Amino acid sequence: MTRVQDVYPDDRVTLREVGLRDGLQLVKTFPSTAAKQRWLREEYGAGVRHFEVGSFLPASTFPQFADVRDIVRTVAALPGAHGIALALNERGVNEALASGVAEIASVVSATEEHSQANANRSREQAIANVKRLCDLRDASPHKPIVNAAVSMALGCSIAGPVDPREVIRIAEKCLEAGVDFVAVADTVGYAGPKQVGELTKAIVKMSGAKPVCVHLHDTRGMGIANASAALDAGARILDGSLGGLGGCPFAPGATGNVVFEDLAFLCESKGFDTGIDIEKLVAVRSILRTEMPNEPLYGGLARAGLPDRKSGVAA
């Protein structure tokens, strides 16, 4: 078993909490470092083990991630917990490597228009950036896992529909560059289950023994349906954020991620053991309500609760 398979075993579903990074990209107010640490520890207590903890971006532009090193250390201190951080350029990669974070994420846009808007670089430059990241990883002492997400993979709010063959080409290039796995990102919730299922199946086939992550947004209410389609197509890593927080600041129309609590319930209802206590997970939302009282939170589980399985009453 490789290190990647140890962190992301192919015989179970892994749910990654991305609220501490993607979830905080668009918020007007954000939690204190101490509150983030409580958020993380309480989710850990509910059984969550994979956390996207922040971005190595300039603190002057993204002050919500100024404490990313503290959050990396917090995750590292929890037995069995796995931290992931985003780095978009060489400076950020070097800072991420110095932090000791267990996994570094990068992004390549499926469309040239979004690539320029999001990172001010072409897609080919972004792929070269991923290759440089992998080279730096290989030269580092602790050699973190590296993943590359193909953003706007199912449709772009700037350029419109995206050819699946182009997404597969970019994913192949990222794997050739040395990433441990790729993620398919529906950055603006563009697609429905048919598209998600077909593209996921193709990426799973192309990836071979490497895992595949699917990152979904709930812009048009398709998040949970799309997650179900991704599971059916063979994806075994799914991203979500507590309360459905999130969105890309450089993607017009972007709204929150698929709701993490609802995602856990979906997986359990499909027979996948997530290891997560959903009631404890829902209770963590109290931290967000206190720290960010003006940010809307979403989710069916928080509204309706778990079904009463003893009653046998179907809704």
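Residues numbered from 1 in each chain as written. Predicted model: local features only at pLDDT ≥ 70, side-chain atom pairs only at ≥ 80, totals over all residues. Heavy atoms only, no water.

1. Quick word on the overall build of the protein chain
Item 1. Each helix and strand counted, the protein chain has 13 helices and 8 strands in total.
Item 2. Computed over its C-alpha atoms, the radius of gyration of the protein chain comes to 18 Å, within 12% of the 20 Å expected for a compact globule of 315 residues.
Item 3. In terms of its C-alpha atoms, the protein chain occupies a principal-axis envelope of roughly 55 × 40 × 40 Å.
Item 4. Counting across all 315 residues of the protein chain, residues that qualify as buried make up 56%. (Helix = DSSP H or I, 4+ residues; strand = E, 2+ residues; numbered from the N terminus. Rg over C-alpha atoms; globule rule 2.2 N^0.38 Å. Buried < 20%, exposed > 50% of the residue type's maximum accessible area, 1.4 Å probe, protein only.)

2. What to know about the confidence of the model for the protein chain
Item 1. When pLDDT is averaged along the protein chain, the result is 93, and 94% of the positions lie at 70 or above.
Item 2. Segment residues 310–315: pLDDT under 50, and 0 contacts once partners within four positions in sequence are set aside and those in other chains are kept. (pLDDT = per-residue confidence, 0-100. Contact = heavy atoms within 4.5 Å.)

3. Things to note about the packing of helix H9 (residues 223–232) against helix H10 (residues 260–269)
Item 1. Packing of H9 against H10 brings their axes to within 10 Å, and their N-to-C directions diverge by 40°. In terms of axis orientation, H9 runs oblique to H10. Once H9 is placed against H10, the crossing between them reads as right-handed. Here Ile224, Ala227, Ser228 and Leu231 of H9 come into contact with H10, specifically with Asp262, Leu263, Leu266 and Cys267.
Item 2. In terms of residue class, the contact of H9 with H10 is built from 6 nonpolar, 1 polar and 1 charged. (Axes fitted to C-alpha atoms, helices over the stretch in contact; angles between N-to-C directions. Parallel < 35°, antiparallel > 145°, perpendicular 65-115°, else oblique. Left-handed = near helix turned anticlockwise from the far one by under 90°. Nonpolar A, V, L, I, M, F, W, Y, C, P; charged D, E, K, R; others polar.)

4. Brief notes about unusual backbone geometry
Item 1. One non-glycine residue, Asn120, lies in positive phi territory at about 55°.
Item 2. Residue position: Asn120 is located in the loop between helix H5 (112–119) and helix H6 (123–139).
Item 3. By relative accessible area, Asn120 is classed as exposed at 65%.
Item 4. Here the phi dihedral of Met152 falls at roughly 55°; this positive angle occurs in a residue that is not glycine.
Item 5. Here Met152 is to be found in the loop between strand E5 (145–151) and helix H7 (164–177).
Item 6. Under the relative-accessibility criterion, Met152 is labelled buried at 0%.

5. Some details on the pattern of salt bridges
Item 1. All chains considered together, the criterion is met by 20 salt bridges.
Item 2. Residue Glu95 is joined to Arg69 by a salt bridge in which the shortest nitrogen-to-oxygen separation is 2.8 Å. In this pair, Glu95 sits in helix H4 (residues 90–99) while Arg69 sits in helix H3 (residues 68–76), placing the two residues 26 residues apart along the sequence.
Item 3. Assessed through its relative accessible area of 26%, Glu95 is described here as partly exposed.
Item 4. With a shortest N-O distance of 3.0 Å, Arg132 and Glu90 are connected by a salt bridge. Placement of the pair is Arg132 in helix H6 and Glu90 in helix H4, with a sequence separation of 42 residues. (Salt bridge = Lys/Arg side-chain N within 4 Å of Asp/Glu carboxyl O.)

6. Focus: the packing of H4 against H6
Item 1. Contact pair H4 / H6: the axes reach a minimum separation of 10 Å and the direction vectors enclose 25°. One element, H4, and the other, H6, form an angle in the roughly parallel class. In this structure, H4 meets H6 at a crossing whose hand is right-handed. Note on element contacts: H6 touches H4 through Asn129, Arg132, Leu133, Leu136 and Arg137, opposite Glu90, Val93, Asn94 and Leu97.
Item 2. Of the residues contributing to the contact of H4 with H6, the split by class is 4 nonpolar, 2 polar and 3 charged.

7. Some points on the pairing of strand E1 (residues 14–17)
Item 1. Side-chain alternation along E1 places Thr14 and Arg16 on one buried face and Leu15 and Glu17 on a second face that is also buried.
Item 2. In the sheet, E1 pairs with strand E8 (residues 237–240) via 4 bridges, with the strands oriented parallel. Its bridge partner being in E8, Leu15 is matched across the sheet by Leu238.
Item 3. Sheet topology places E1 next to strand E2 (residues 50–55); 2 bridges connect them, and they run parallel. Note on E2: the bridge partner recorded for Glu17 is Phe51.
Item 4. Of the crossover connections in this fold, the one passing from E1 over helix H2 (residues 33–45) to the parallel E2 is right-handed. (Pairing = 2+ DSSP bridges. Right-handed = clockwise from strand over helix to strand, strands pointing away.)

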